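Coordinate analysis (summary)
Okay, here's what each chain looks like letter by letter:
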Amino acid sequence: MREAFAMGSFFKRIAPAIALFFLSPMVAEFLLGDFPLSRIGILLILAPFYGGGAILIREITRRTGRGWPTIVTLALAYGIFEEAFTTQTLFNPDYLGLHLHLLEPAFIPALGISAWWTTFVLTLHTVWSVSVPIAIMEALVPQRAHTPWLKWLGLSIVTVLFVLIACMMTVHSIQSDSHHFMASNRQFAVAAVCCVVVAIAAFLLPRRREERSGGDTPNPWITGALSLAACSIFLIVPRAWGWGTVAIYFALYTMIAAATLSWSRRSGWNGLHILSLAGGAALSYAWHGFIQQPVTGKADAAMRIGNAILALGTILLLYAAARRTSATLAETPAALAK
């Protein structure tokens, strides 16, 4: 009986990490509409990389007593690592021979990259691949939102899986490419420096603020609507506008960052606001999935039914997270005001 209780307690403790392990690739690839639900088996490959990265970022951040600025910054470093080294899409003019022309808009000859694609894809990873899944999972277990979910053994297992899959995906990406593309040493070096600098910067940011200033905070519905609008604009701005699109992206970054930094310093800011920002971003992916051309397969009726299932699942997940966060706030208002 005691062993059964201990085993149940063990799984309860690691359950959020396991859920994040699979939620991250579900949001990053399936909710976006890159893959149909019929390819759900690919999660076994994607989860150690996407989910493993999200877990490592979340656990390191919470173990060092830091908050969302560190999570977001480490998520950016993760994006650089994936797109510069694992897939090399930042540099490959014809990724996997798909003729996507990713590097043409706002091309920078000196670096051999597209300002549009670099900004676009790094934002996808920073916001949706990492930050959104973490925010949703923490809202589902609000009383443990700021504490580690794994011990050192669990972290070690996740790290090993992440490294192994990263190596496998890198080899597969090179072998699958019609030209077996390899970026130049200079491109790899610049990307490595950027990745390291961003990762270091994540730990130079201030730790979570305990004290709060006065002032009103908007209703979470307002912050959620702002997030949904900003993320939707980000997803639909035509890449053909080139540098104009990049300018719009940075205008959106500035608006969201300024508003969030201002509101998060006020006493009324809590977990519902964080969830609403993540929820708005998730819902923008959910509706955009209906117009996304999948990487594999056709945009047929089966694909759109899958989009509908994922959208409904996202809404239900956000509802459950909001209910749990609200209940915790009602019991201990200060617990989620970080």
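Before going into details, it helps to say that this report is about the structure given with it. Just so we're clear, the structure is a prediction, and the values are computed from it rather than from any experiment. Residue indices begin from 1 for each chain and proceed along its sequence in written order. Under the rules for a predicted model, residues below a pLDDT of 70 receive no local features and side-chain atom pairs below 80 are neither given nor counted, while totals for whole chains, interfaces and linings still include all residues. The side-chain figures draw on all heavy atoms in the structure; neither hydrogens nor water molecules are used.

Description of helix α4 (residues 115-140)
Inclusion rule: Only runs of H or I of at least four residues qualify as helices and only runs of E of at least two qualify as strands under DSSP, and these elements are numbered from the N terminus. Helix span, expected: 1.5 Å multiplied by one less than the number of residues in the helix. Here the bend at each residue means the angle between axes fitted to two seven-residue stretches, the one ending at that residue and the one beginning there. Two N or O atoms count as a polar contact when they lie within 3.5 Å, although within protein this holds only if one can serve as hydrogen donor and the other as acceptor, and sequence-adjacent residues are included solely when both atoms are side-chain atoms.
With 26 residues, α4 extends 36 Å from end C-alpha to end C-alpha; this agrees with the ideal 38 Å at 1.5 Å per step. The axis of α4 is deflected most strongly, by about 40 degrees, at Ser-131, and proline Pro-133 appears within four residues downstream. For α4, the capping residue at the N-terminal end is Ser-114, with a side-chain oxygen 3.2 Å from the backbone nitrogen of Trp-116.

A closer look at the environment of Gly-112
Just so we agree on the cut-off: Should any heavy atoms of two residues lie within 4.5 Å, those residues are counted as being in contact.
Its place among the elements puts Gly-112 in the loop between β1 (107-108) and β2 (113-114). With residues near it in sequence (within four places) discarded, Gly-112 still touches Leu-90, Phe-91, Leu-103, Phe-107 and Gln-187.

Focus: the side chain of Thr-245
Heads up, the rule is: Only protein chains enter the calculation, and the probe is 1.4 Å; a residue is then buried if its accessible area is under 20% of its type maximum, exposed if over 50%, and partly exposed in between.
By the element assignment, Thr-245 lies in helix α8 (residues 243-264). The class of Thr-245 is buried, set by a relative accessible area of 0%. One polar contact links the side chain of Thr-245 to the main-chain carbonyl oxygen of Pro-238, over a distance of 2.5 Å. In this structure, Thr-245 is in contact with Trp-116, Val-237, Pro-238 and Arg-239, ignoring residues within four places of it in sequence.

Details of unusual backbone geometry
Phi is mostly negative for residues that are not glycine, and the peptide bonds are mostly trans. One non-glycine residue, Gln-88, adopts positive backbone phi at about 60 degrees. Secondary-structure assignment places Gln-88 in the loop between α3 (68-86) and β1. One non-glycine residue with positive phi stands out, namely His-101, at about 55 degrees. By the secondary structure assignment, His-101 is in the loop between α3 and β1. Overall, His-101 belongs to the partly exposed group, its relative accessible area being 40%.

Let's talk about the nonpolar core
Let me state the cut-off plainly: Among the buried residues, those of types Ala, Val, Leu, Ile, Met, Phe, Trp, Tyr and Cys that are joined through side-chain atoms within 4.5 Å form a nonpolar core.
In terms of nonpolar packing, the biggest core is built from 91 residues, with Trp-128 and Ile-136 touching the most fellow members. Setting aside chain neighbours within four positions, we find Ile-136 in contact with Leu-23, Leu-275, Ala-278, Ala-282, Leu-317, Leu-318 and Ala-321.

What to know about the pattern of salt bridges
Put simply, the rule is: Every case where a carboxyl oxygen of Asp or Glu lies within 4 Å of a side-chain nitrogen of Lys or Arg is listed as a salt bridge.
Under the criterion given, the structure shown has three salt bridges. For Arg-58, the salt bridge identified is with Glu-138, shortest N-O distance 2.9 Å. Highlighted residues: Arg-58 in helix α2 (residues 43-63) and Glu-138 in helix α4, separated in sequence by 80 residues. Across the pair, Glu-138 and Arg-58 agree in class, each one buried. Between Glu-138 and Arg-62 there is a salt bridge, with its nearest N and O atoms 2.8 Å apart. A residue pair is termed long-range when its members are at least 10 positions apart, and Glu-138 in helix α4 and Arg-62 in helix α2 qualify at 76 residues. Neither Glu-138 nor Arg-62 differs from the other in exposure class; each is buried. One salt-bridge network, in which partners are shared between bridges, spans Arg-58, Glu-59, Arg-62 and Glu-138.

Keep in mind these values describe shape, not function.
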